[in-house]
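Below, each chain spelled out in residue letters.
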Amino acid sequence: MSDSVQIEQGWKEALQGEFSQQYFAAIKKFIVEQKNNGKQVFPPGSLIFNAFNLTPFDKVEVVILGQDPYHGPGQAHGLSFSVPQGIKPPPSLVNIYKELKADLGIDPPPHGNLEAWAHQGVMLLNAFLTVNAHEAASHQKAGWETFTDAVIKTISDRKDNVVFILWGKFAQQKEVLIDKTRHLVIKSAHPSPFSADAGFFGSRPFSKANAYLREHGRKEIDWRLS
């Protein structure tokens, strides 16, 4: 089963035990069944593990945890909160850009592609890696959460001084998987328009992350997105 997973070699080794588990085979079966039932699944198969392939295991410095992939056409490309070039930034991402401007004075780019962050070690991880078109949360019982919980715990157990950014109640439930004596956890309300005013705005996650990385002799993230 693991041979069929196109994922960066460091991740493949770190997560080797997961790919042979029964639940992982069940995820694959679930996705095939969805497609056989006429459902369109996002992101495309080649991009399901994009967050892992753009941010190799040994390069992870920051984890920004999302929930589901975007479910509109062309939006999901395997990175939480990010959309490809040419796709209008969704409302949560617009609010992330507003906080980035308030925090670090960085002007929002004319696009929603966060790959520049991923290449610097910012893992943009969704808890669920697939979704049906126009059906939010449609793959939340597929088994993905077992896998991504293992990902979070593996990062916590095998790395040091990683910054975990948990926006909203769902992401904050993952705090129990993280050893806070070895890592920094930054929590706030979700950037969604429904909750951003309840503590996301003014939370300054970007400068806090860089301060922690700097204190621990790590390279800061250049949060600019040209």
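Here is what the cut-offs are and how they apply
Residues numbered from 1 in each chain as written. Predicted model: local features only at pLDDT ≥ 70, side-chain atom pairs only at ≥ 80, totals over all residues. Heavy atoms only, no water. Helix = DSSP H or I, 4+ residues; strand = E, 2+ residues; numbered from the N terminus. Rg over C-alpha atoms; globule rule 2.2 N^0.38 Å. Buried < 20%, exposed > 50% of the residue type's maximum accessible area, 1.4 Å probe, protein only. Contact = heavy atoms within 4.5 Å. Areas by Shrake-Rupley, 256 points an atom, 1.4 Å probe, with all protein chains shown as cover. Lys, Arg positive; Asp, Glu negative; His and termini not counted. Charge placed at Lys NZ, Arg CZ, Asp CG, Glu CD. Expected span 1.5 Å × (residues − 1). Phe/Tyr/Trp six-rings, centres within 6.5 Å; stacked < 30°, edge-to-face > 60°. Core = buried A, V, L, I, M, F, W, Y, C linked by side-chain atoms within 4.5 Å. Pairing = 2+ DSSP bridges. Axes fitted to C-alpha atoms, helices over the stretch in contact; angles between N-to-C directions.

Student: Help me out: how do you make sense of the overall build of the protein chain in this one?
Tutor: On a plain count of helices and strands, the protein chain comes out with nine helices and six strands. Taken over C-alpha atoms, the radius of gyration comes to 17 Å for the protein chain, in line with the 17 Å a tight globule of 226 residues would show. The principal-axis extents of the C-alpha atoms in the protein chain amount to approximately 50 × 35 × 30 Å. Each of the 226 residues in the protein chain was classed as buried or not, and the buried ones make up 55%. Residue pairs in contact within the protein chain that sit at least 24 positions apart in sequence constitute 67% of those at least 6 positions apart. Accessible surface for the protein chain amounts to roughly 10400 Å². Of this, 51% is attributable to carbon and sulfur atoms. Distance between charge centres in the protein chain, computed from 24 positive and 23 negative side chains, equals 2 Å.

Student: Help me understand helix α7 (residues 144-158), please; the structure alone is not making it clear to me.
Tutor: Since the α-helix turns once every 3.6 residues, residues separated by three or four places project in the same direction. Helix length check: α7 (15 residues) gives 21 Å between terminal C-alpha atoms against 21 Å at 1.5 Å per residue, within 8%. Of all the positions in α7, only W144, F147, T148, A150, V151, I152, T154, I155 and S156 are classed as buried.

Student: Explanation requested: the packing of aromatic side chains in the structure shown.
Tutor: For any pair of aromatic rings, the description rests on two quantities: the centre-to-centre distance and the angle between the ring planes. By the definition in use, this model includes 19 aromatic pairs. An angle of 90° between the planes, with centres 5.3 Å apart, marks the rings of W167 and F200 as edge-to-face. Of this pair, W167 sits in strand β5 (residues 163-167) while F200 sits in the loop between β6 (184-188) and α9 (205-215), and the two are 33 residues apart along the sequence. F200 gets classed as buried once you look at its relative accessible area, which sits at 0%. Note on F206 and W223: the rings are 4.9 Å apart at their centroids and 70° apart in plane angle, and the pair reads as edge-to-face. Of the two residues, F206 is situated in helix α9 and W223 in the segment after α9; the sequence distance between them amounts to 17 residues. Residue class for W223 comes out buried when judged on its relative accessible area of 1%.

Student: Is there a simple way to explain the nonpolar core in this structure?
Tutor: In summary, soluble globular proteins display a tendency toward joint burial of nonpolar side chains. In terms of nonpolar packing, the biggest core is built from 70 residues, with F52, W117, W144, F147 and W223 touching the most fellow members. Each residue touching F147, except ones within four places of it in the same chain, is listed here: L15, E18, F19, Y23, F24, F49, F52 and L129.

Student: It is not clear to me how the sheet that holds strand β3 (residues 122-126) should be interpreted in this structure. Could you clarify?
Tutor: Sheet strands associate in pairs through backbone hydrogen bonding, adopting either a parallel or an antiparallel arrangement. Pairing in this open sheet of four strands is parallel, and the strands run β3-β2-β5-β6 from one edge to the other. Two strands close off the open sheet at either side, each with one partner strand: β3 and β6. Averaged over neighbouring strand pairs, the angle between their axes works out to 20° when direction is ignored. Two elements, strand β2 (residues 62-66) and β5, share four bridges in a ladder whose sense is parallel. Within β5, the position partnered with V62 by the bridge is V163. Seen against the sheet, α7 touches β2, β3 and β5 and runs at an angle of roughly 155° to β3.

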